[in-house]
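# Structural description and commentary
This is what each chain is made of:
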Amino acid sequence: MSIIKETKVAVQGALQGAVAKAVALAPDSWIPGGRPDPLIEHRHGHVGKPVSRIDGPLKVAGQAPFASEIPMEGMVYAALAFSTIARGRIASLDTADAEAAPGVIAVMTYRNAPRLKPVPVFMSGPKAAGGDDLPIMQDDTIHWNGEPIAVVLAETQEQADHAKSLVRATYEDAAALTSFTEAKARGTRTAVFMTGPLHDEKGDADAALAEAPVRVDATYTTPRHNHNAIELHAVTAGWQGETLRIHDASQLVAHTAWSVAQIFGIEEKQVVVTSPFVGGGFGGKCLWQHQVLAAAAAKMAGRPVRLALSREGVYRLVGGRTLTEQRVALGADRDGGLKAVIHEGVVAKTANNVMPEPFILATRGAYESETLRLDVQAVELDMLSNTFMRAPGEAVGTFALECAMDELAEALGMDPIALRLRNEPEKDPLSGLPFSSRRIVDAWRSGAERFGWDRRNATPGAVRDGEWLVGMGCATGTYPYYRMPGAAARLTITRDGRAVVDIAAHEMGMGTATAHTQVAAERLGLPMEAVTFNYADSTLPGVVLAGGSQQTAAVGAAVIAAHRALVQELLKLAGNDSPLAGLNADAVSSRDAGLCKADEPDRHETYASVLTRAQRDTVSVEAEASMPLETMHWSMHSHAAMFCEVRVNAITGEPRVSRFLGSFDCGRIINPKTAASQFRGGIIMGLGLALMEETQFDERKGRIMNPSLAEYHVPVHMDVPSIDVMWTDIADPHAPMGARGVGEIGITGTGAAVANAIYNATGKRVRDLPITLDKLLG
Ligand code: MOS
């Protein structure tokens, strides 16, 4: 990172520090969420009901069109050829055979690609969406092993796939740095994430550690992970006059539209991005080269282009989670009180991206400790840039921290749950902010009871069932509540008593459309059938990113703002002949397809009646969400207590998870059916992280060697036991709808719960993920 960038970050950091202090000290009533969302009190409506996905019937009937299924007139199919060196330049590129192959329309390379401006990389602007800021097919330079070098366009996908195998390239190698070990030896730098350095200190942690009567100090390693959403990344793109239409698989349509406009040097409104259905995002479905290449190729060929990546293609050009090497040192009194928490280590990134794996984030708010030192160092390699992957930071950070807590419990001769409860903080350990709502103790108690934790034998390796060693482990999961700025929504009421919500949000399978139809219906006092939720179109209001487990809060806050504006408008229209006459918006609530006085529900008039009298067919308002200041005023997090039972085969070393329980504290649960599915999905991804997921990266050549689901293992049904989930359902008074995020919490803590259970079963402490059977033998 350049000095200029670093200075900018430091200045931003100082400004934010001053703002954060002011916001922290402001009265609650000045802060969004200072007055609890009235919806928190609604207990018998749509919110909280296990409603089935409203798009479920479409999906099972095959009628939900995904990005690679949306037709465009005159469309051609694209296939990519990838570089085979990590750094250098293309010496020769022979496309003649590919061009002569059957069905081929054109081959695009750096020689004939349209001129493109650099990609705005994440966090360089409010709508920047790029995983990195490398030029896309603009010259002969190679930046990573697997970079696209040619786009072959043909009449069918098969013809394109065949022709791309005929592209011949030779290279001039430059010295590439692809070895993590070598990079570390050359020196590391403090990693920067969002706007601040990943470094926190409280007191003298080294001294406190040295003096602590009980200590653990160990290094934990986690490998690279690649994105493997079931839907491959795909795009269908075409130019219609001056307008570029992109049907994408995306978790950020508004960001993509703006960023692509920058790249092509056109107006933002000339790019329209839609993404109505997405088969999983997890942080990977942002802006990578394929969308830009498809749009550029469509421009060059004068025909729309469909570019659906192969599974290998996803590994070659969509970044993943980087590797980490983490030291956790804990010092405690004999009664378990923490004196020192040190969590530090190294990750790999590239010079062109802003995503070091911030593995210390969860440790910031986890435990009360007299001293703390948290630090992430980064090295830069010549490889594909990293990106977000479900709970970036927390997923692997909690593996190290929560294994260390288990090791400390063992050293103290203390129950691991008791150790965690012993160190439960009263307020945020680093910022000193009060918690908005932290009921993790409830989650631990109810979870332990449901799981039967009291039946655990604390002696490792003591429980055997035939060939199988049986053990139980637990871990804390935690993920912050975020709410990104920029959300806005349009709310329309029609005279026939229907409502429409328009917002550029995303449905990646997690139930967004369903949950927000419930919320809007509840807020408006309408049946769900009367509400239409339109989303995933960049021409709709709002800049919303489906990530950071914050989309629900962002959409919720925008709908709150729009709803308030709508009520004000309706009260104006209602005039003096209405039972609502003279009321202001604060005194009004909704029921039975209309408005009423909150504490006098009989003073009621339906929307239809108000609009009819006002001779209006519709009332439509648009409003922006409040600034997300609540996160600077309260310490806000989702919490989980994770319980795992494993069986490890004493002869083969094979580990099998036999039972798993996630006990969650995430505020109010809007839809228990879709939320349970999010929790379970996160836990399943956590089982993959614990036991099998690993990108094989050739340290000599910088090439990913296992770019397929045959060689990169994710859990299949046989690997997943029935997963039990439960939750406190205690509303967070300071979050919209009382709800904190549920999307990423499930993968946090899970890796450690599995590792700790394996230790309890076998007496073997594996600190290197994934825990494969070879590490359990001998
Ligand atoms: Mo998520 S990794 O914030 O999509």
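Residues numbered from 1 in each chain as written. Predicted model: local features only at pLDDT ≥ 70, side-chain atom pairs only at ≥ 80, totals over all residues. Heavy atoms only, no water.

### Notes on the overall build of the protein chain
Rules: Think of it this way: any DSSP run of H or I at least four residues long counts as a helix, any run of E at least two long counts as a strand, and we number them from the N terminus. Using C-alpha atoms as the atom set, the radius of gyration is obtained and then compared with a globule rule of 2.2 Å times the number of residues to the power 0.38. Exposed residues in this analysis have more than 50% of their type's maximum accessible area, buried residues have under 20%, and partly exposed residues fall in between, with area computed by a 1.4 Å probe over protein chains only. Residue contacts follow a heavy-atom distance rule, with two residues in contact if any of their heavy atoms lie within 4.5 Å.
When helices and strands are tallied, the protein chain shows 19 helices and 32 strands. On C-alpha atoms alone, the protein chain measures out to a radius of gyration of 27 Å, which is about the 28 Å that the 2.2 N^0.38 rule sets for 778 residues. Reported as C-alpha extents along the three principal axes, the dimensions of the protein chain are approximately 85 × 75 × 55 Å. The buried share of the protein chain, taken over its 778 residues, is 60%. Residue pairs at least 24 apart in sequence account for 81% of intrachain contacts in the protein chain once pairs closer than 6 positions are excluded.

### Observations concerning the pairing of strand β14 (residues 271–274)
The line we're drawing: For two strands to pair, DSSP has to find at least two bridges joining them. Handedness is read with the strands pointing away from the viewer; a crossover is right-handed when the path from the first strand over the helix to the second is clockwise.
Covered by surrounding structure in β14 are Val271 and Val273 together with Val272 and Thr274, the residues of both alternating faces. Here strand β13 (residues 243–248) pairs with β14 via four bridges, running parallel. Bridge assignment links Arg245 to a residue of β14, and that residue is Val272. Viewed along the sheet, the connection from β13 through helix α7 (residues 253–264) into β14 turns out right-handed.

### Focus: the nonpolar core
To keep it simple, the criterion reads: To qualify as a nonpolar core, a set must consist of buried Ala, Val, Leu, Ile, Met, Phe, Trp, Tyr and Cys residues joined through side-chain atoms within 4.5 Å.
Counting residues in each nonpolar core, the largest one holds 146 residues, and the members touching the most others are Phe660 and Val754. The greatest single-element share of this core, amounting to eleven residues, is contributed by helix α11 (residues 394–412). Look past the residues within four positions of Phe660 in its chain and what remains in contact with it is Phe451, Met642, Phe643, Cys644, Ile683, Leu687, Ser722, Ile723, Asp724, Thr750, Ala753 and Val754. Core analysis: the next-biggest nonpolar cluster, separate from the first, contains 48 residues, Ala487, Ala499, Ala505 and Ala554 among them.

### Brief notes about empty space enclosed by the protein
What counts, and what does not: The method works on a 1 Å grid over the protein atoms by themselves. A cavity is a set of points holding a 1.4 Å probe that cannot get out, a pocket is an open set with protein on both sides within 12 Å along at least five of seven lines, and residues with an atom within 4 Å of a point line them. Grid points are joined across faces, edges and corners, and a volume is the space filled by probe spheres set on the points. Asp, Glu, Lys and Arg are counted as charged, while Ala, Val, Leu, Ile, Met, Phe, Trp, Tyr, Cys and Pro are counted as nonpolar; the rest, among them Gly, fall into the polar class.
Scanning all chains against the criterion turns up eleven cavities of 30 Å³ or more. Approximately 110 Å³ is the volume attributed to the largest cavity. Looking at the lining of the largest cavity residue by residue, the classes come out as four nonpolar, eight polar and two charged. Here the second largest cavity defines a volume of roughly 90 Å³. Elements supplying a minimum of two residues to the lining of the second largest cavity: β4 (141–142) and β5 (148–154). For the lining of the second largest cavity, a count of residues per class yields seven nonpolar, three polar and two charged.

### With respect to the state of the cysteines
Quick note on the threshold: Any pair of cysteine sulfurs within 2.5 Å is marked as a disulfide.
Going through the model one piece at a time under the given rule, you end up with zero disulfides. With no disulfide of its own, Cys644 lies closest to Cys474 among cysteine sulfurs, the gap being 10 Å. Since its relative accessible area comes to 0%, Cys644 is described here as buried. Cys474 supplies the cysteine sulfur nearest to Cys666, a cysteine that is in no disulfide, at a spacing of 17 Å. Taking relative accessible area as the criterion, Cys666 reaches 1% and is therefore assigned buried.

### Describing the layout of surface pockets
There is about 830 Å³ of room inside the second largest pocket. For the lining of the second largest pocket, the elements supplying multiple residues, two or more each, are α15 (551–574) and β24 (588–591). It is α15 that provides the largest number of residues to the lining of the second largest pocket, a total of six residues. A per-class count over the lining of the second largest pocket returns 16 nonpolar, nine polar and seven charged.

### Some remarks on the packing of aromatic side chains
We apply this condition: Classification of ring pairs uses Phe, Tyr and Trp, with its six-membered ring standing for Trp, and accepts pairs whose centres are within 6.5 Å; under 30 degrees between planes counts as stacked, over 60 as edge-to-face, and the remaining range as tilted.
Evaluated as defined, the whole model comprises twelve aromatic pairs. Measuring from centroid to centroid gives 5.8 Å for Phe533 and Tyr535, while their planes differ by 25°, and the two rings are stacked. Of the two residues examined, Phe533 and Tyr535, each falls in the buried class. A network of ring pairs unites the aromatic residues Trp444, Phe451, Trp453 and Phe643 as a single cluster.

### Examining unusual backbone geometry
In this chain, Leu769 is followed by Pro770 through a cis amide linkage whose omega measures -5°. Positionally, Pro770 belongs in the segment after α19 (750–762). At Met137, a position not held by glycine, the phi torsion is positive, near 50°. Within the secondary structure, Met137 sits in the loop between β3 (104–108) and β4.

### Details of helix α14 (residues 512–524)
The test is simple: To estimate how far a helix should extend, the number of its residues minus one is multiplied by 1.5 Å.
Spanning 13 residues, α14 covers 18 Å between terminal C-alpha atoms, matching the ideal 18 Å at 1.5 Å per step. Backbone geometry just downstream of α14 places Gly525 in the positive-phi region, at approximately 70°.

### Digging into helix α4 (residues 157–164)
The condition that has to hold: By arc we mean the arc of the directions from the helix axis to the C-beta atoms, nothing more.
By the burial criterion, the buried members of α4 are Gln157, Ala160 and Ala163. Buried residues of α4, seen end-on, are gathered within an arc of 135° and therefore sit on one face of the element. Of the surrounding elements, those touching the buried residues of α4 are β1 (76–82), α3 (96–100), β3 and β5.

### Describing the sheet that holds β13
The cut-off we apply is this: Inter-axis angles, ranging from 0 to 180 degrees, are taken between N-to-C directions of lines fitted to C-alpha atoms, where helices are fitted over the stretch in contact.
Read across the open sheet, the seven strands follow the order β3-β5-β1-β15-β12-β13-β14; overall the sheet is mixed. The sheet is open, and its two edges are formed by β3 and β14, each paired on a single side. For this sheet the average axis-to-axis angle between neighbouring strands, irrespective of direction, equals 20°. The pairing of β3 with β5 spans four bridges and is antiparallel. Residue pairing in the sheet places Ala106 in a bridge with Leu153 of β5. Along the sheet face, α4 touches β1, β3 and β5 and points at about 25° away from the line of β1. Sitting on the sheet, helix α8 (residues 289–301) is in contact with β1, β3, β5, β12 (234–240), β13 and β15 (305–308), with an inclination near 35° to β12.

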